[in-house]
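Residues per chain, in single letters:
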Amino acid sequence: MTRYILTRLLDAIPTVLLVLALVFLAMRILPGDPAIAALGELATPEQLASFRERMGLNEPLWMQFVTFVWGVLTLDFGSSLLNNRPVLDLILYNLPYTIELTVAAMLLGTVVGIPLGVLAATHRDRWPDSGVRGFSLIGYAVPDFYLGALLLIAFSLNLGWFPINGGGEGFLDRLHHLVLPAVTLAMVKAAFIGRLTRGSLLEVLSRDYVRTARAKGARENRVIYRHGLRNALLPIATGLGLSTLATLSGSVAIELVFNRPGIGKLLISAIAERDYAVIQGGVVVFALFVVLINLLMDLVYVFIDPRVRVS
């Protein structure tokens, strides 16, 4: 097990370096001059030259990349070009809001989606199955930002049950602000996870060992959960990993709809203002989370099916 974990960690290193290289190059090919974006159109040539020298923009590209990688390793993302605040401080303030939204949406989507999938699989071609498939179809069809806007109008503007915007202060207030954004993302995730669970469980329930268990007189709940769902978890876990990544990226639109703090909202504001240091730091954080989630999913596969370790 230790060898498997070390192997996956070593495999992740080239991926992280490639991600850092892509982020670095993307920032360098964006249109516009960072110096002009920071100092304004009225800045003198001397001021622009001094800014480029101070930010290291006159150095060779390879040296800038080495400095960038070292900054990432030491958690030094530089300072915002607009307000001179450390990028790390901006990330540390906004990151918990994005993490709590992603975790809450995935937990709620999983708690709703897996039982719906089991219900549909065990009532194949009957009304519960039709209802779950209809719910999944709607979940796929309705964009999350549109659903968020509808929930915001209904439950915040009209009924006044939930706050209109912001992230809240303190545990209960933050939880109150979290409900509508989390439900918005969770409904889409529940539709995906429910359909995935249905398909995976139906495939397992058609296998010979399940029919043998039923022939031996095993109780139906034992057949479904012990022999069926347990062996259907691997594709479900894969779907959960992909869904977590989609939720992380989908949080950008939700943070904008609900005017909620988060890395996504921070990135959109930085892109609009051409704050390259903040863009670079935010994209790196998103990319590292993608690598981390993929690594965690590899470890989850081992616990679900130890044979993965051998392959």
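All of these numbers come straight from a predicted model, not from anything done at the bench.

Some remarks on the packing of aromatic side chains
Where two aromatic rings form a pair, the distance of their centres and the angle of their planes describe that pair. Here the structure, examined in full by the defined rule, presents two aromatic pairs. An angle of 40 degrees between the planes, with centres 5.7 Å apart, marks the rings of F155 and W161 as tilted. The class of F155 is partly exposed, set by a relative accessible area of 26%. Its end group placed over the ring of Y97, R174 keeps NZ or CZ at 4.1 Å from the ring centre.

A closer look at helix α7 (residues 144–158)
Every α-helical turn comprises 3.6 residues, leaving residues that sit three or four positions apart pointing alike. The end-to-end C-alpha distance of α7 is 20 Å, a good match for the 21 Å that 15 residues give at a rise of 1.5 Å each. The largest bend in α7 is about 30 degrees, located at L152. Within α7, burial applies to D144, L147, G148, L151, L152 and S156. In this fold, the buried residues of α7 make contact with α8 (171–205) and α11 (233–257). Two residues or fewer after α7 comes G160, characterised by a positive phi angle close to 70 degrees.

Here we look at a nonpolar patch on the surface
Together, L10, I13 and L17 give the surface a local cluster of nonpolar side chains, amounting to about 290 Å² of exposed area. Within the element layout of this structure, I13 appears in helix α1 (residues 2–29). Among the residues examined, I13 registers a relative accessible area of 46% and is labelled partly exposed.

A closer look at empty space enclosed by the protein
Enumeration according to the criterion identifies two cavities of 30 Å³ or more in this entry. The wall of the largest cavity is formed by F162, P163, I164, N165, G166, H177, L180, P181 and F258. When the residues that make up the lining of the largest cavity are grouped by side-chain class, the tally is six nonpolar, three polar and no charged. Taken as a whole, the second largest cavity encloses approximately 40 Å³ of empty space. Lining the second largest cavity we find L95, T98, I99, L248, I263, V285, F286 and F289. Of all the elements in the fold, those that place two or more residues in the lining of the second largest cavity are α5 (87–122) and α13 (276–304).

A closer look at unusual backbone geometry
Even without a glycine there, the phi angle at L75 is positive, about 60 degrees. By the secondary structure assignment, L75 is in the loop between α4 (61–73) and α5. Within the chain, N259 stands out as a residue other than glycine whose phi angle is a positive 50 degrees. Its place among the elements puts N259 in the loop between α11 and α12 (263–273). Taking relative accessible area as the criterion, N259 reaches 37% and is therefore assigned partly exposed.

Concerning a positive patch on the surface
On the surface, R219, R222, R226 and R230 cluster together into a positively charged patch. Along the polypeptide, R222 turns up in helix α10 (residues 220–229).

Remarks on the confidence of the model for the protein
Per-residue pLDDT for the protein averages 79, and the proportion of residues at 70 or more is 88%. When mean pLDDT is taken per element in the protein, α5 scores highest with 87 and helix α14 (residues 307–310) scores lowest with 54.

Regarding the nonpolar core
The nonpolar side chains of soluble globular proteins are, as a tendency, buried together. Within the largest apolar cluster, 30 residues are counted, with the highest numbers of intra-cluster contacts made by F68, I91 and V284. Of all the elements in the fold, those that place two or more residues in this core are α1, α4, α5, α11, α12 and α13. Among the elements that make up this core, the one with the highest residue count is α13 (nine residues). Excluding residues within four positions of it along the chain, V284 makes contact with L20, V23, F68, V72 and F77. By size, the runner-up hydrophobic cluster in this structure holds 17 residues, among which are M106, V118, V204 and V223.

Concerning the packing of α7 against α11
Angle between the axes and distance between the axes are the two parameters that describe a pair of packed helices. Contact pair α7 / α11: the axes reach a minimum separation of 9 Å and the direction vectors enclose 30 degrees. Taken together, the axes of α7 and α11 lie roughly parallel to each other. Between α7 and α11 lies a crossing of right-handed hand. Facing α7, whose interface residues are D144, F145, G148, A149 and L152, α11 presents G250, A253, I254 and V257. For the contact of α7 with α11, the residue count by class is six nonpolar, two polar and one charged.

Reading guide: rules and limits
Residues numbered from 1 in each chain as written. Predicted model: local features only at pLDDT ≥ 70, side-chain atom pairs only at ≥ 80, totals over all residues. Heavy atoms only, no water. Phe/Tyr/Trp six-rings, centres within 6.5 Å; stacked < 30°, edge-to-face > 60°. Buried < 20%, exposed > 50% of the residue type's maximum accessible area, 1.4 Å probe, protein only. Lys NZ or Arg CZ within 6 Å of the ring centre and 35° of its normal. Helix = DSSP H or I, 4+ residues; strand = E, 2+ residues; numbered from the N terminus. Expected span 1.5 Å × (residues − 1). Bend = angle between axes of the 7 residues up to and from the residue. Contact = heavy atoms within 4.5 Å. Patch = residues over 30% accessible without salt bridge, like charges linked within 9 Å, V, L, I, M, F, W, Y side chains within 5 Å. Areas by Shrake-Rupley, 256 points an atom, 1.4 Å probe, with all protein chains shown as cover. Salt bridge = Lys/Arg side-chain N within 4 Å of Asp/Glu carboxyl O. 1 Å grid on protein atoms, 1.4 Å probe; cavity = no way out; pocket = protein on both sides within 12 Å on 5 of 7 lines; lining within 4 Å. Points joined across faces, edges and corners; volume = space filled by probe spheres on them. Nonpolar A, V, L, I, M, F, W, Y, C, P; charged D, E, K, R; others polar. Lys, Arg positive; Asp, Glu negative; His and termini not counted. Charge placed at Lys NZ, Arg CZ, Asp CG, Glu CD. pLDDT = per-residue confidence, 0-100. Core = buried A, V, L, I, M, F, W, Y, C linked by side-chain atoms within 4.5 Å. Axes fitted to C-alpha atoms, helices over the stretch in contact; angles between N-to-C directions. Parallel < 35°, antiparallel > 145°, perpendicular 65-115°, else oblique. Left-handed = near helix turned anticlockwise from the far one by under 90°.

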